[in-house]
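# Reading the structure
The residues making up each chain are set out below.
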Amino acid sequence: MSKLLIFSLSAFIGLAAFNPATARTMDKQRTACERDSHKFCAADEPNAIAVERCLRTHMNELSSACKREFRAKRR
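First, a word on scope: everything that follows refers to the structure included in this document. Keep in mind that what you see is a predicted model, and the values were worked out from it rather than measured. (Residues numbered from 1 in each chain as written. Predicted model: local features only at pLDDT ≥ 70, side-chain atom pairs only at ≥ 80, totals over all residues. Heavy atoms only, no water.)

## Structural notes on the pattern of salt bridges
The cut-off we apply is this: Here a salt bridge means any side-chain nitrogen of Lys or Arg lying within 4 Å of a carboxyl oxygen belonging to Asp or Glu. Secondary structure counts use DSSP, requiring at least four H or I residues in a row for a helix and at least two E residues in a row for a strand, with both numbered from the N terminus.
Inspection of every chain in the model, using the stated rule, returns two salt bridges. Salt-bridge contacts for E34 lead to R30; the nearest nitrogen and oxygen are separated by 3.4 Å. Taken together, the residues E34 and R30, both in helix α2 (residues 20-41) and four residues apart, mark about one turn of the helix. R56 is paired through a salt bridge with E52; the nearest N and O atoms lie 2.9 Å apart. Taken together, the residues R56 and E52, both in helix α3 (residues 48-57) and four residues apart, mark about one turn of the helix.

## Quick notes on the state of the cysteines
What counts is decided by this rule: For the purposes of this analysis, a disulfide is any pair of cysteine sulfur atoms at a distance within 2.5 Å. Residue exposure (1.4 Å probe, protein chains only): buried if accessible area is under 20% of the type maximum, exposed if over 50%, otherwise partly exposed.
Counted according to the given criterion, the structure contains two disulfides. Each disulfide pairs two cysteine sulfurs, and for C33 the partner residue is C66, the sulfurs being separated by 2.0 Å. Given an S-S torsion of about 105°, the disulfide between C33 and C66 has right-handed geometry. In this pair, C33 is assigned in helix α2 and C66 in helix α4 (residues 64-74), connecting sequence segments 33 residues apart. Residue C33 shares its accessibility class with C66, and that shared class is buried. Each sulfur of the disulfide joining C41 and C54 lies 2.1 Å from the other. When the S-S torsion is -90°, as for the bridge of C41 with C54, the disulfide is left-handed. Placement of C41 in helix α2 and of C54 in helix α3 is noted, with a sequence separation of 13 residues between them.

## Thoughts on the nonpolar core
Spelled out, the test is: Put simply, a nonpolar core is a bunch of buried Ala, Val, Leu, Ile, Met, Phe, Trp, Tyr and Cys residues held in one set by side-chain atoms that sit within 4.5 Å of each other. Residues count as neighbours in contact if any of their non-hydrogen atoms are within 4.5 Å of one another.
Formed by A32, C33, F40, C41, V51, C54, L55, L62, C66 and F70, the largest nonpolar core amounts to 10 residues. For this core, the secondary structure elements donating two or more residues are α2, α3 and α4. Per element, the largest residue contribution to this core is four residues, and it comes from α2. Here L62 is in contact with D36, F40, L55, K67 and F70, once residues within four sequence places are set aside.

The structure is reproduced here in structure tokens:
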């Protein structure tokens, strides 16, 4: 398993214990952006903050699903 996957699963399990809705949202974001993360931001994994910052710098190159998740996050 990759470090990112292990980190993500740990974070999601921890969040689910406190807020199941937040955990579902984060899982949806991870699923939508996982390929883009590996493609553009592999050097930043498993640092979730750095990966998000990296993905934002590649916004015009991201998949449609990942872009939708970033737009939804701003609301």
